[in-house]
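Descriptive analysis of the structure
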Amino acid sequence: MRATRTATDVRVGDFVLLDGNYLRVRDVRATGGSAHRILHFVGHAPLIMRTPRAVWRPISLG
């Protein structure tokens, strides 16, 4: 399911639209502030997410 999400709503396993591609989030870390998160991907530099972005979240069955 695709939605625009804030940094506090992104989870490990989500796919974030970055540089024209959806990249899978492998780790999420807090920054000094509560509204920002550092997202880590495989094969891409980390992203400090400060604004809402397009996020695709796989549907979990079970």
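Rules and cut-offs
- Residues numbered from 1 in each chain as written.
- Predicted model: local features only at pLDDT ≥ 70, side-chain atom pairs only at ≥ 80, totals over all residues.
- Heavy atoms only, no water.
- Pairing = 2+ DSSP bridges.
- Helix = DSSP H or I, 4+ residues; strand = E, 2+ residues; numbered from the N terminus.
- pLDDT = per-residue confidence, 0-100.

This brings us to the pairing of strand 4 (residues 37-41). Where strand 3 (residues 21-30) lies against strand 4, five bridges are found, and the strand directions are antiparallel. Note on strand 4: the bridge partner recorded for Asp-27 is His-40. Where strand 3 folds back onto strand 4 in an antiparallel hairpin, the turn is made up of six residues. As judged from the four bridges shared by strand 4 and strand 5 (residues 44-49), these two strands associate in the antiparallel manner. Bridge pairing in strand 5 links Phe-41 to His-44.

Another point: the confidence of the model for the chain. Averaged over every residue, the pLDDT of the chain is 90; residues scoring 70 or more account for 97%. Across the chain, strand 4 holds the top mean pLDDT of 96, while strand 1 (residues 2-5) sits lowest at 90.

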